[in-house]
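# Survey of secondary and tertiary structure
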Amino acid sequence: MTTPFVESPVHAEIRALARKFARQELAPHVEQDEADARFRPELIQKLGELGLTGVPVGETYGGAGLGYSEYIGALEELAAVNTGYAISVAVTGLSQVILEKYGTEEQKQRYIPSLAAGQSIGAFSLSEAGSGSDAGALRTTAVRDGGHYVLNGTKLWTTQGDSASTFLLMARTGEAGPRGISTFILEKGMPGFRCGKQEKKMGCHTSHTMELILENVRVPAQNLVGREGDGFKIAMSALDSGRITIAATALGVARAALEVAVSHAKQREQFGKPIGEFQGVSFMIADMAVQYDAAKLLVQRAAALRDAGHAFSQEAAMAKLFATDMAMKVTTDAVQVLGGSGYTQDFPAERYMREAKVLQIVEGTNQVQRVVIARALLKD
Ligand SMILES: Cc1cc2nc3c(=O)[nH]c(=O)nc-3n(C[C@H](O)[C@H](O)[C@H](O)COP(=O)(O)OP(=O)(O)OC[C@H]3O[C@@H](n4cnc5c(N)ncnc54)[C@H](O)[C@@H]3O)c2cc1C
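The shown structure was predicted, so the numbers you read here are calculated from the model rather than taken from an experiment. (Residues numbered from 1 in each chain as written. Predicted model: local features only at pLDDT ≥ 70, side-chain atom pairs only at ≥ 80, totals over all residues. Heavy atoms only, no water.)

## Describing the packing of aromatic side chains
Taken as a whole, this structure holds 5 aromatic pairs when the rule is applied. Each ring, one from F271 and one from F278, has its centre 6.1 Å from the other, and the planes form 90 degrees; the classification is edge-to-face. On the basis of relative accessibility, which here comes to 26%, the residue F278 falls in the partly exposed class. (Phe/Tyr/Trp six-rings, centres within 6.5 Å; stacked < 30°, edge-to-face > 60°. Buried < 20%, exposed > 50% of the residue type's maximum accessible area, 1.4 Å probe, protein only.)

If you want it as structure tokens, here you go:
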């Protein structure tokens, strides 16, 4: 495929490490594990041993001490084989990014090293049944009781809620709306904290999506992240970073679809020649490649801005919007290039299409990205 941007040796090394892992460790199981909805936590541990579960986190806490510019290459390579594992790594990374930015020294030292090493898995639990896009309307409560907060409610859609041991969970400590929300660290096994139903989804089956039930869960007050009322701000700032990782994941699944389409267009013959020689097919492939490269540049820009310490919220939303819409289009076109075969499970194109769809929804739907971008442009 094309290379829209010259990568530094470190970028290239991280990308090559992730590519080798994805091809050797993920690829052999991926179709069966997708069919069985099987997630293998031991693969996260192996990724940790390679330093790929804590790429953007400081070395003080066991991370690789690199930036999002390197991180996006690793996520793209994982997603080119399976979106579910890219999302797992991204969510485990998100917990670390929140703790590193907003946690106390004690919280950082207690939770980040095992997440960065892939020895434990992290989860980010904001959404509820009544509050998805309108996350500020969440209803799970956290009431102070001496040295603890007592949490009650039901969270929905928590990625890897069944395998995570560290949860960054948002609950209401005060007034209605965003300003009454706080962020807490919850640990697996806290009394009253359990998984409810597992969602049956269209795709991304290796990534489990869980309901979480909280019944009088007593969380030590020292597990509050930041101050009371900071929770929504923390969640939104985390999502700015998370959107770059979802956009990188979209690059991976789109590239895989493009590769399948190119290979098929060279091999499949109709009317006595390879279908890639028909302009109707070759132009589709050319457009797929241009869209992929354009998305990649937007993702690299957002990552570079973040790494340089500049504001990047609008650019992250642009990258997420464009890259995930691109992935949906490219994966759909790949199915078209494969014709009837594209609609069967004999080829991975239909899986890529199902995996791409969720990327337009998570970490803020693409309508919400437009709200973020427009708001930034139209503010006084
Ligand atoms: C597989 C999967 C994994 C997920 N993982 C997590 C996770 O780990 N943690 C977590 O907290 N959440 C997670 N989510 C939840 C996800 O973030 C929400 O699904 C998403 O934010 C949308 O919320 P909703 O589903 O309630 O849709 P709604 O908010 O009900 O939206 C429905 C439709 O209305 C549109 N809409 C809503 N508001 C507006 C508006 N103001 N302007 C224009 N259009 C609007 C939306 O774009 C969408 O098309 C996950 C979801 C899925 C599917």
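## Observations concerning the site of the ligand
The full set close to the ligand counts 17 residues, and S127, S133, W157, T365 and Q367 are the nearest of them. A distance of 2.6 Å separates an oxygen atom of the ligand from a polar side-chain atom of S133. Here W157 contributes a backbone N or O atom positioned 2.8 Å from a nitrogen atom of the ligand. Here the ligand loses 63% of its free accessible area of 970 Å² to cover by the protein chains. The set of elements that each furnish at least two residues to the shell around the ligand consists of β1 (122-125) and β3 (148-159). Ranked by residue count, the leading element in the shell around the ligand is β3, at 3 residues. Taken together, the residues that form the shell around the ligand break down as 6 nonpolar, 9 polar and 2 charged. The residue makeup of the shell around the ligand includes at least three contributed by each of domain 2 (123-229) and domain 3 (233-378). (Near = heavy atom within 4 Å. Polar contact = N/O pair within 3.5 Å; in protein donor to acceptor, adjacent residues only side chain to side chain. Areas by Shrake-Rupley, 256 points an atom, 1.4 Å probe, with all protein chains shown as cover. Helix = DSSP H or I, 4+ residues; strand = E, 2+ residues; numbered from the N terminus. Nonpolar A, V, L, I, M, F, W, Y, C, P; charged D, E, K, R; others polar. Domains from an automatic or database assignment.)

## A short note on the nonpolar core
Counting residues in each nonpolar core, the largest one holds 110 residues, and the members touching the most others are F124, L151, F184, L186, F193, I244 and V299. Discounting residues that sit within four places of it in the chain, F124 has contacts with V91, L94, I98, T158, L168, M170, A235, A238 and L239. (Core = buried A, V, L, I, M, F, W, Y, C linked by side-chain atoms within 4.5 Å. Contact = heavy atoms within 4.5 Å.)

## Brief notes about the pattern of salt bridges
Opposite charge on two side chains lets them pair, provided their charged atoms get close. Taken as a whole and assessed by the stated rule, the structure comprises 22 salt bridges. With its nearest N and O atoms 3.6 Å apart, the salt bridge here joins R227 to D230. Under the relative-accessibility criterion, D230 is labelled buried at 14%. In this structure, a network of salt bridges that share partners links the residues E7, R15, R19, E76, E77, R255, E259 and K296. (Salt bridge = Lys/Arg side-chain N within 4 Å of Asp/Glu carboxyl O.)

## A word on the state of the cysteines
This model, assessed by the stated rule, comprises 0 disulfides. C195 forms no disulfide, and the closest cysteine sulfur to it belongs to C204, at a distance of 18 Å. Here C204 falls in the buried class, since its relative accessible area comes to 3%. (Disulfide = S-S within 2.5 Å.)

## Observations regarding helix α7 (residues 231-267)
In a regular helix each residue adds 1.5 Å, so 37 residues correspond to 54 Å; α7 covers 54 Å between its end C-alpha atoms and thus fits that length. The sharpest bend along α7 measures roughly 25 degrees and falls at S241. Of all 37 residues in α7, 29 are buried, a share of seventy percent or more. (Expected span 1.5 Å × (residues − 1). Bend = angle between axes of the 7 residues up to and from the residue.)

## Here's the deal with helix α5 (residues 83-102)
With 20 residues, α5 should cover 28 Å at 1.5 Å per step; its first-to-last C-alpha distance of 28 Å lies within 8% of that length. Counting buried residues in α5 gives 18 out of 20 residues, a clear majority hidden from the surface.

## A word on the packing of helix α9 (residues 313-338) against helix α10 (residues 349-359)
Contact geometry of α9 with α10 gives a least axis separation of 8 Å together with a crossing angle of 160 degrees. Judged on the interaxial angle alone, α10 and α9 are roughly antiparallel. Relative to α10, α9 is oriented so that their crossing is left-handed. Residues K320, T324, A327, M328, T331, T332, A334, V335 and L338 of α9 form the contact with α10, whose own contacting residues are A349, E350, Y352, M353, A356, K357 and L359. In terms of residue class, the contact of α9 with α10 is built from 10 nonpolar, 3 polar and 3 charged. (Axes fitted to C-alpha atoms, helices over the stretch in contact; angles between N-to-C directions. Parallel < 35°, antiparallel > 145°, perpendicular 65-115°, else oblique. Left-handed = near helix turned anticlockwise from the far one by under 90°.)

## A look at unusual backbone geometry
For F271, which is not a glycine, the phi torsion comes out positive at approximately 50 degrees. Tracing the sequence through the fold places F271 in the loop between β9 (269-270) and β10 (273-274). Phi angles above zero are rare outside glycine, and E363 is one such case at about 55 degrees. Residue placement: E363 occurs in the loop between α10 and α11 (366-378). Note on E363: relative accessible area 15%, which makes it buried.

## Notes on the environment of A90
Within the secondary structure, A90 sits in helix α5. For the pair A90 and T245, spaced 155 residues apart in the sequence, the C-alpha separation amounts to 6.2 Å. When neighbours within four sequence positions are excluded, A90 is seen to be in contact with Y71, L75 and T245.

## Section: the packing of α9 against α11
One way to put it is that α9 packs onto α11 with a least axis distance of 9 Å and a crossing angle of 145 degrees. The two elements α9 and α11 meet at a crossing, and its hand is left-handed. Of the residues in α11, those in contact with S313, Q314, A317, M318, K320, L321, T324 and D325 of α9 are N366, Q369, R370, V372, I373, A376 and L377. Of the residues belonging to the contact of α9 with α11, the class tally is 7 nonpolar, 5 polar and 3 charged.

## Quick word on the domain arrangement of the protein
Segmentation of the protein into domains returns domain 1 (9-121), domain 2 (123-229) and domain 3 (233-378). For domain 2 versus domain 3, the separation of C-alpha centres amounts to 30 Å. Across the boundary between the two partners, domain 2 contributes 12 residues, which contact 11 residues of domain 3. It is F124, M202 and C204 in domain 2 that bury the most area against domain 3; as a group they hold 47% of the surface buried on that side. Counting across the interface, domain 2 meets domain 3 through 0 salt bridges. On inspection of domain 2 and its partner domain 3, the count reaches 1 residue pair in polar contact (both at pLDDT 80 or more). A per-class count over the side of domain 2 that touches domain 3 returns 7 nonpolar, 5 polar and no charged. (Buried area = accessible area lost by both parts, 1.4 Å probe.)

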